[in-house]
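Examining the three-dimensional arrangement
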Amino acid sequence: MQPINRTNLAESAAESLRAEILSGRWAVGERIPNETALTELLAVSRGTVREAVRVLISKGLLDARQGSGTYVRSTVDASGALDRVKRTGLRDQWEARAALDVEAARLAALRHTPEDLERLFKLLRARGTVADGGREAFSQRDIAFHRSIVEASGNRAIIELYDFFTSAILETIHSTLNGDLPEPDDRAHAAIVEAIATGNPDEAAASVRAFMAPVLAELDRLLTQ
């Protein structure tokens with residue numbers, strides 16, 4: 001590991017540690033050297049090391065365990081993939097969101113609990129409109145509703161993927177609120193919950209496809225103009 005000598009020490013230290021993790025220097029589940037040792041290896045202050053470790057924890061590469069140390073959580077850095085997702089076209093983002101939402105609703109129909117349905121109906125009522133606190137607040141309420149459908153699917157991989165795509169998905173929601181794309185109305189949202197409540201996975205999946213269809217059709221129209 002080379003000493004750090006660039007301007008932004010915390011970023012440089014984080015990049016140096018990231019390179020070591022991705023190279024396999026420490027295996028998943030292995031504890032990395034303590035703060036004192038990293039200070040010596042990187043030739044930076046303890047504060048810089050702490051900040052670098054925090055950066056890598058936020059990226060999902062490290063895991064801090066109280067009273068035990070810091071361990072390698074993953075040797076795959078997915079942050080670049082999210083950046084690439086954000087640079088894809090709006091139609092690609094909507095199609096990806098549709099794929100996740102359709103499968104989540106299908107599984108939610110099969111696996112939901114009474115508590116899941118109660119939460120979904122509560123969040124449906126709480127969505128309100130853009131006039132209730134502005135666009136950002138509305139987007140957060142809307143994403144909370146859709147994420148609850150994903151949670152009701154009981155599929156941890158889909159939940160993790162949905163969280164991974166959250167920022168891109170929020171951008172797709174914003175795109176329906178600026179007048180360029182149709183915003184699905186309350187009836188379309190309610191239809192999804194009602195379909196999940198039936199326990200019929202095909203009906204639940206179809207409700208999400210119907211929900212997404214007007215937006216995808218308008219995107220196709222705009223892109224072929």
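Below you will find a few notes about this structure. (Residues numbered from 1 in each chain as written. Predicted model: local features only at pLDDT ≥ 70, side-chain atom pairs only at ≥ 80, totals over all residues. Heavy atoms only, no water.)

A few words now on the packing of helix α1 (residues 9-22) against helix α3 (residues 46-58). At a minimum axis separation of 8 Å, α1 and α3 run at an interaxial angle of 55°. It follows from the interaxial angle that α1 and α3 lie oblique. Pair α1 / α3 crosses with right-handed handedness. For the pair α1 and α3, the contacting residues are Leu9, Ala10, Ala13, Ala14, Leu17, Arg18 and Ile21 in the first and Thr48, Glu51, Ala52, Val53, Val55 and Leu56 in the second. (Axes fitted to C-alpha atoms, helices over the stretch in contact; angles between N-to-C directions. Helix = DSSP H or I, 4+ residues; strand = E, 2+ residues; numbered from the N terminus. Parallel < 35°, antiparallel > 145°, perpendicular 65-115°, else oblique. Left-handed = near helix turned anticlockwise from the far one by under 90°. Contact = heavy atoms within 4.5 Å.)

With that settled, consider the nonpolar core. In terms of nonpolar packing, the biggest core is built from 25 residues, with Ile149 and Ile196 touching the most fellow members. Elements with a minimum of two residues in this core: α5 (90-111), α6 (114-126), α7 (135-152), α10 (186-198) and α11 (201-223). If one sorts the elements of this core by residue count, α11 sits on top with seven residues. Those residues in contact with Ile196 that sit more than four places away from it in its chain are Ala105, Ala108, Ala109, His112, Leu117, Leu120, Ile149 and Ala204. Formed by 16 residues, the second largest nonpolar core is a distinct cluster that contains Ala14, Leu42, Ala52 and Leu62. (Core = buried A, V, L, I, M, F, W, Y, C linked by side-chain atoms within 4.5 Å. Buried < 20%, exposed > 50% of the residue type's maximum accessible area, 1.4 Å probe, protein only.)

With respect to the helices and strands, Ala27 occurs in the loop between α1 and α2 (35-42). Ala27 gets classed as partly exposed once you look at its relative accessible area, which sits at 41%. Sequence separation of Ala27 and Ser74 is 47 residues, and the distance between their C-alpha atoms is 8.4 Å.

Spacing of three or four residues puts side chains on the same side of an α-helix, whose turn is 3.6 residues. The end-to-end C-alpha separation of α6 is 18 Å, in line with the 18 Å expected for 13 residues at 1.5 Å each. Among the residues making up α6, those that are buried are Asp116, Leu117, Leu120 and Leu124. Buried residues along α6 cover an arc of 95° about the axis, so they all sit on one side. What points out from α6, more than 90 degrees from its buried face, is the exposed set Pro114, Glu115, Glu118, Lys122 and Arg125. At its buried positions, α6 is contacted by α5, α7 and α10. Trailing α6 by a residue or two, Gly128 shows a phi angle of about 65°, which is positive. (Expected span 1.5 Å × (residues − 1). Arc of directions from axis to C-beta.)

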